[in-house]
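So the chains spell out like this:
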Number of protein chains: 2
Amino acid sequence: MENAKKAKPAGLMKSGYHHGDLRAGLIEATRQLVEEKGPDGFSVSDACRLAGVSTAAPYKHFKDKAEMITAMVTEGMVRHRENMLNALEGVPVGTPARVTALGRQYVDFALNEPGVFRLKFGGFTDRLDDPKLQEAGEGTFSIVLREVALCRGETEITPDVRRRGFMLWSFVHGLSFLLADPKLTKLGGEFEIDDILSDLSVRMLAD
Amino acid sequence: MENAKKAKPAGLMKSGYHHGDLRAGLIEATRQLVEEKGPDGFSVSDACRLAGVSTAAPYKHFKDKAEMITAMVTEGMVRHRENMLNALEGVPVGTPARVTALGRQYVDFALNEPGVFRLKFGGFTDRLDDPKLQEAGEGTFSIVLREVALCRGETEITPDVRRRGFMLWSFVHGLSFLLADPKLTKLGGEFEIDDILSDLSVRMLAD
DNA sequence: TGTCAAAGTAAGGACTTCTAACATATAAGT
DNA sequence: ACTTATATGTTAGAAGTCCTTACTTTGACA
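Just so you know, these numbers come straight off a predicted model, no measurement behind them.

Trainee: Could you give me a rundown of the environment of Asp46 of chain B, with the residues and numbers involved?
Mentor: Residue and element names in this part refer to chain B. Assignment of secondary structure puts Asp46 in helix H2 (residues 44–51). We classify Asp46 as buried; its relative accessible area is 19%. In this structure, Asp46 is in contact with Leu33 and Lys37, ignoring residues within four places of it in sequence. Within the structure, Asp46 has its side chain in polar contact with the side chain of Arg49 (distance 2.9 Å).

Trainee: Lay out the packing of aromatic side chains in plain terms, naming residues and giving numbers.
Mentor: Applying the stated rule across the entire model yields 15 aromatic pairs over all chains. Here Phe166 of chain A and Trp169 of chain A contribute two aromatic rings whose centre-to-centre distance is 6.2 Å and whose plane-to-plane angle is 85 degrees, an arrangement assigned as edge-to-face. Here Phe166 of chain A pairs with Trp169 of chain A, and both are found in helix H7 (residues 159–179), just 3 residues apart, close to one helical turn. Across the pair, exposure class does not vary: Phe166 of chain A and Trp169 of chain A are buried alike. Arranged with centres 3.9 Å apart and planes meeting at 0 degrees, the rings of Phe177 of chain A and Phe177 of chain B form a pair that is stacked. Of this pair, Phe177 of chain A sits in helix H7 while Phe177 of chain B sits in helix H7 (residues 159–179), on two different chains. Exposure class is identical for Phe177 of chain A and Phe177 of chain B. Each is buried.

Trainee: Could you give me a rundown of the interface of chain A and chain B, with the residues and numbers involved?
Mentor: At the interface, 46 residues of chain A touch 46 residues of chain B. Note on chain A versus chain B: buried area summed over both sides is about 4,200 Å², and carbon and sulfur give 61% of it. When the area that chain A buries against chain B is broken down by residue, the three leading residues are Phe166, Leu187 and Arg203 of chain A, summing to 17%. Our count for the contact surface shared by chain A and chain B stands at 6 salt bridges. In this structure, Lys183 of chain B engages Asp129 of chain A in a salt bridge whose closest nitrogen and oxygen atoms are separated by 3.8 Å. Inspection of the chain A/chain B interface yields 7 residue pairs in polar contact (both at pLDDT 80 or more). Looking at the side of chain A that touches chain B, the elements that each hand over two or more residues are helix H5 (114–121), helix H6 (131–151), H7, helix H8 (182–185) and helix H9 (193–205) of chain A.

Trainee: Requested: an account of the domain arrangement of chain A, with residues and values cited.
Mentor: Residues and elements named next belong to chain A. Segmentation of chain A into domains returns domain 1 (2–60) and domain 2 (70–205). Listed per partner, the contact involves 7 residues of domain 1 and 11 residues of domain 2. Between domain 1 and domain 2, roughly 790 Å² of surface is buried when both sides are summed, and carbon and sulfur atoms account for 72% of that area. For the domain 1 face of the interface with domain 2, the top three residues by lost area are Ile27, Glu35 and Pro39, together amounting to 58%. Counting the contacts that link domain 1 with domain 2 gives 0 salt bridges. Where domain 1 touches domain 2, the interface holds 2 residue pairs in polar contact (both at pLDDT 80 or more). Grouping the constituent residues of the side of domain 1 that touches domain 2 by class yields 3 nonpolar, 1 polar and 3 charged.

Conventions adopted
Residues numbered from 1 in each chain as written. Chains lettered and ligands numbered in written order. Predicted model: local features only at pLDDT ≥ 70, side-chain atom pairs only at ≥ 80, totals over all residues. Heavy atoms only, no water. Helix = DSSP H or I, 4+ residues; strand = E, 2+ residues; numbered from the N terminus. Buried < 20%, exposed > 50% of the residue type's maximum accessible area, 1.4 Å probe, protein only. Contact = heavy atoms within 4.5 Å. Polar contact = N/O pair within 3.5 Å; in protein donor to acceptor, adjacent residues only side chain to side chain. Phe/Tyr/Trp six-rings, centres within 6.5 Å; stacked < 30°, edge-to-face > 60°. Buried area = accessible area lost by both parts, 1.4 Å probe. Salt bridge = Lys/Arg side-chain N within 4 Å of Asp/Glu carboxyl O. Domains from an automatic or database assignment. Nonpolar A, V, L, I, M, F, W, Y, C, P; charged D, E, K, R; others polar.

Here it is as structure tokens:
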């Protein structure tokens, strides 16, 4: 009787009933709104309008507004991590070019999804409390650390490797913020992002 | 001419009427709220409560909420620029130590006033539209450029100087964001901010 | 005393988040 | 197939906050 209380046949997730997959739909709507109106220009009501459902619908999927937005950011960060891994494909192991490639992908995420990026890193983190989100962030950083270690000829994450990784992250992180704001970017004059990133990688991986 | 009025003296330095200097009082209240509740945890009503005036009072001094918060951020950035200039005092001209000192002050501002810092740089800039604010920002960056030029033996802001300055800014900017968030800072392991900043200055000013 | 800028009072009107009660489509069990 | 349970959505609305404006009052100064 109660042995089959948690049957969740996956193969046909789209064969929903009313909406299909409202949870995903709301997350997508949330993402669009944040991209369109900025990190704070979001309301549950707006997301519902965009998703085409009533304002009460989200509460069947999320405890409250915070959980809804946290879910969206978490999804974004998981996507970010995957992008970072993919960026390494085909780049020779143990070369600074791999670090450069990671930096380029990091910047690209900030440029492609500035709303999500700033929501995650712009100082709202206090309220974004989710183990999966934390895990995605740490996982992403560990990708960088591994590449730095390889470049430095280390077999494990030494304090020196961690320090260099953190410095590289600081740089790419700041660059992402500056590039996401035209008013600030223009102060840098004319430059190629790739040049700056490879220059940086070489400097930070040298002795 | 009933001069027997019991008007409170109060130094009269302000235009002494009801509040003294409500404009400044509201800006300070706004700042406190942003520091306490984060970049988006601010409302005109709250600021009024904190300043001890009615919710209609601000509209004698600011056109609307946006102008009020822009004024607060602008004031913060002017303060920031002054701090940067002061940080150079006593540091030998033409040495990387001067760049390091600027970076340290930049980071300190982010740590001391994280709310203002993130409000300015966290992606709300679209709405923060004020010539004085823009000027304060550009002025601050020009301080950095001047020091970089001196270190590089240049007499003017060449493209190379601008590029190095922008890279240094990126780094310090990103570091500030990471340091303002304990969850992110701890990924860097054990380190001294000053060590990282001086290490960075040397690397970025080298040929 | 009269003027005028600055603050207070009151209120409008729009939005929010979230809950409660009700409706219905799908899945499960018989 | 039929019933039942569950998940999902809708409608209605409570309860509250917010921004802003119109009008009134206060008090400093000439």
